[in-house]
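Overview (structure and organization)
Below are the chains, spelled out letter by letter.
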Amino acid sequence: MYNFGEKLKELRIEKGLTQKQLAEQINSAQSAIYYWESNKQEPTISALKKLCTFFNVSADYLLGLED
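Throughout what follows, the structure given in this document is the object of discussion. What you see is a predicted model; the values in this text were computed from it and never measured. (Residues numbered from 1 in each chain as written. Predicted model: local features only at pLDDT ≥ 70, side-chain atom pairs only at ≥ 80, totals over all residues. Heavy atoms only, no water.)

1. Considerations on the overall build of the protein chain
- Regarding its fold elements, the protein chain presents 5 helices and 0 strands.
- Mapped from its N terminus to its C terminus, the protein chain presents α and β elements in the order α-α-α-α-α.
- Taking 11 Å as the expected radius of gyration for a compact globule of 67 residues, we find that the protein chain reaches 11 Å, a close match to that expectation.
- In terms of its C-alpha atoms, the protein chain occupies a principal-axis envelope of roughly 25 × 25 × 20 Å.
- Out of the 67 residues belonging to the protein chain, those deemed buried represent 36%.
- If you take every contact in the protein chain between residues at least 6 apart in sequence, the share linking residues at least 24 apart comes to 53%.
- Surface accessibility of the protein chain: about 4400 Å² in total, with carbon and sulfur atoms responsible for 48%.
- Seen as two clouds, the 8 positive and the 9 negative side-chain charges of the protein chain have centres 9 Å apart. (Helix = DSSP H or I, 4+ residues; strand = E, 2+ residues; numbered from the N terminus. Rg over C-alpha atoms; globule rule 2.2 N^0.38 Å. Buried < 20%, exposed > 50% of the residue type's maximum accessible area, 1.4 Å probe, protein only. Contact = heavy atoms within 4.5 Å. Areas by Shrake-Rupley, 256 points an atom, 1.4 Å probe, with all protein chains shown as cover. Lys, Arg positive; Asp, Glu negative; His and termini not counted. Charge placed at Lys NZ, Arg CZ, Asp CG, Glu CD.)

Now the structure itself:
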């Protein structure tokens, strides 16, 4: 089972984006993407919403609650 960081990284790579490019798309810092992908921090609810909208996935999917 994937964790949040692994799912986020997988989605980012599928879109062919760097961490910096993703950060620019969701108006966040590249360091935040790094911390999320390495599971050192969790995103805020507003950041989670932006990620779900950008990748067109549900929060349940991104959080590993559904496949």
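2. Some thoughts on the side chain of Gln19
- With respect to the helices and strands, Gln19 occurs in helix α2 (residues 19-25).
- Excluding its chain neighbours within four sequence positions, the residues that come into contact with Gln19 are Arg12, Gln30, Ile33, Tyr34 and Glu37.

3. Section: the nonpolar core
- Judged by nonpolar contacts, the single largest core of 17 residues is most densely connected at Phe4, Leu8, Leu22, Trp36, Leu51 and Leu62.
- At the level of secondary structure, the elements contributing two or more residues to this core comprise α1 (4-14), α2, α3 (30-37), α4 (45-55) and α5 (59-62).
- Excluding its chain neighbours within four sequence positions, the residues that come into contact with Leu22 are Leu8, Arg12, Leu17, Ile33, Leu51, Phe54 and Phe55. (Core = buried A, V, L, I, M, F, W, Y, C linked by side-chain atoms within 4.5 Å.)

4. With respect to unusual backbone geometry
- Positive phi values are uncommon outside glycine, yet Asn27 reaches one of about 60 degrees.
- In this structure, Asn56 is a non-glycine residue whose phi angle is positive, near 55 degrees.
- Since its relative accessible area comes to 71%, Asn56 is described here as exposed.

5. Examining α1
- Those residues of α1 lying buried are Phe4, Gly5, Lys7, Leu8, Leu11 and Arg12. Mapping the buried residues of α1 onto a view down its axis gives an arc of 165 degrees, with all of them on the same face. Of the residues in α1, the exposed ones pointing more than 90 degrees away from the buried face are Ile13 and Glu14.
- Those residues of α1 that are buried lie in contact with α2, α3, α4 and α5.
- Count one or two residues on from α1 and you reach Gly16, which has phi positive near 70 degrees. (Arc of directions from axis to C-beta.)

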